[in-house]
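Topology and contacts: notes
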Amino acid sequence: MNVLSSALQAVVLFLVTNIDDIIVLSLFFARGVGQRGTTAKIVVGQYLGFGGILLASLAVTFGARLFLPDDAIPYFGLIPLLLGAFAAWQVWRNGDDDDDTLADRPVSALAVAAVTFANGGDNIGVYVPVFLAVDTGALVTFCVVFLVLVAVFVLTAGFVATRTPIAEVLERWEHILFPLVLIGLGLVILVEGGAFGV
């Protein structure tokens, strides 16, 4: 019963802290339409990024605050902000033309991982107190459930991005939505984390 209770808590915690990932992942799927290996790159990138979040959370939980001080977490927002700014610059450089070649808009596992990890700064802040409050068995349950749900989220994002009405919107506006979402995400992480002293 304890395992079931921990698993349910893990599902709720994951959903609350990662629901915005579906939008970001859907944009990655839209960006990678027609490219070989897009799904594999997104899966690998999401697992790398979320694995980093989980490892950082566990490291802080186990007392490794020297490696990840709390004050550094908000600055992970700079990663999606810079990626978004670069994507916006490419749109500006190419004009409003969405007919750029696929080579100009590659999806890489490292880009997905970087955005996922950066977006997880708030996850670390939420996971650590929860991890500190549970026993080892519950902690293992949380980690296993989280890792299973990563795959569910990637599949959900792929499904959302391939629904015809949604896909048409994403395909038409992806080149504008992608940088806007990343820049917005970066700013939210920075502001909510108090990076500007607010």
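Okay, so let's go over this structure. Predicted model, so just to flag it, every value in this text is computed and none were measured.

Some details on the nonpolar core
Within soluble globular proteins, side chains that are nonpolar tend to cluster in buried spots. Counting residues in hydrophobic clusters, the biggest one holds 26 residues, and the most contacted among them are Phe14, Phe50, Tyr127, Phe131 and Phe146. Elements with a contribution of two residues or more to this core: helix H1 (2-31), helix H2 (38-61), helix H4 (109-119), helix H5 (121-133) and helix H6 (136-162). Ranked by residues supplied to this core, first place goes to H6 with eight residues. In contact with tyrosine 127, other than residues within four places in its own chain, are Leu13, Phe14, Thr17, Asn18, Phe50, Ile53, Ser57 and Phe146.

A word on the side chain of serine 6
Inspection of the secondary structure puts serine 6 in helix H1. Not counting the four nearest positions on each side in its chain, serine 6 is found in contact with Ala138, Thr141 and Phe142.

With respect to the packing of aromatic side chains
Applying the stated criterion across every chain, the model contains 11 aromatic pairs. A ring pair is formed by phenylalanine 50 and tyrosine 127, whose centres lie 6.4 Å apart and whose planes are at 70 degrees; its orientation type is edge-to-face. Of this pair, phenylalanine 50 sits in helix H2 while tyrosine 127 sits in helix H5, placing them 77 residues apart in sequence. The class for phenylalanine 50 is buried, based on a relative accessible area of 0%. Seen in terms of ring centroids, phenylalanine 131 and phenylalanine 146 are 6.4 Å apart; in terms of plane orientation they differ by 35 degrees. Their pairing is tilted. Within this pair, whereas phenylalanine 131 is found in helix H5, its partner phenylalanine 146 is found in helix H6, the two being separated by 15 residues in sequence. Accessibility classification places phenylalanine 131 together with phenylalanine 146 in one group, the buried group. Here a set of aromatic residues connected by ring pairs shows up, and it is made of Phe14, Phe50, Tyr127, Phe131, Phe142, Phe146 and Phe153.

Criteria and cut-off values
- Residues numbered from 1 in each chain as written.
- Predicted model: local features only at pLDDT ≥ 70, side-chain atom pairs only at ≥ 80, totals over all residues.
- Heavy atoms only, no water.
- Core = buried A, V, L, I, M, F, W, Y, C linked by side-chain atoms within 4.5 Å.
- Buried < 20%, exposed > 50% of the residue type's maximum accessible area, 1.4 Å probe, protein only.
- Helix = DSSP H or I, 4+ residues; strand = E, 2+ residues; numbered from the N terminus.
- Contact = heavy atoms within 4.5 Å.
- Phe/Tyr/Trp six-rings, centres within 6.5 Å; stacked < 30°, edge-to-face > 60°.

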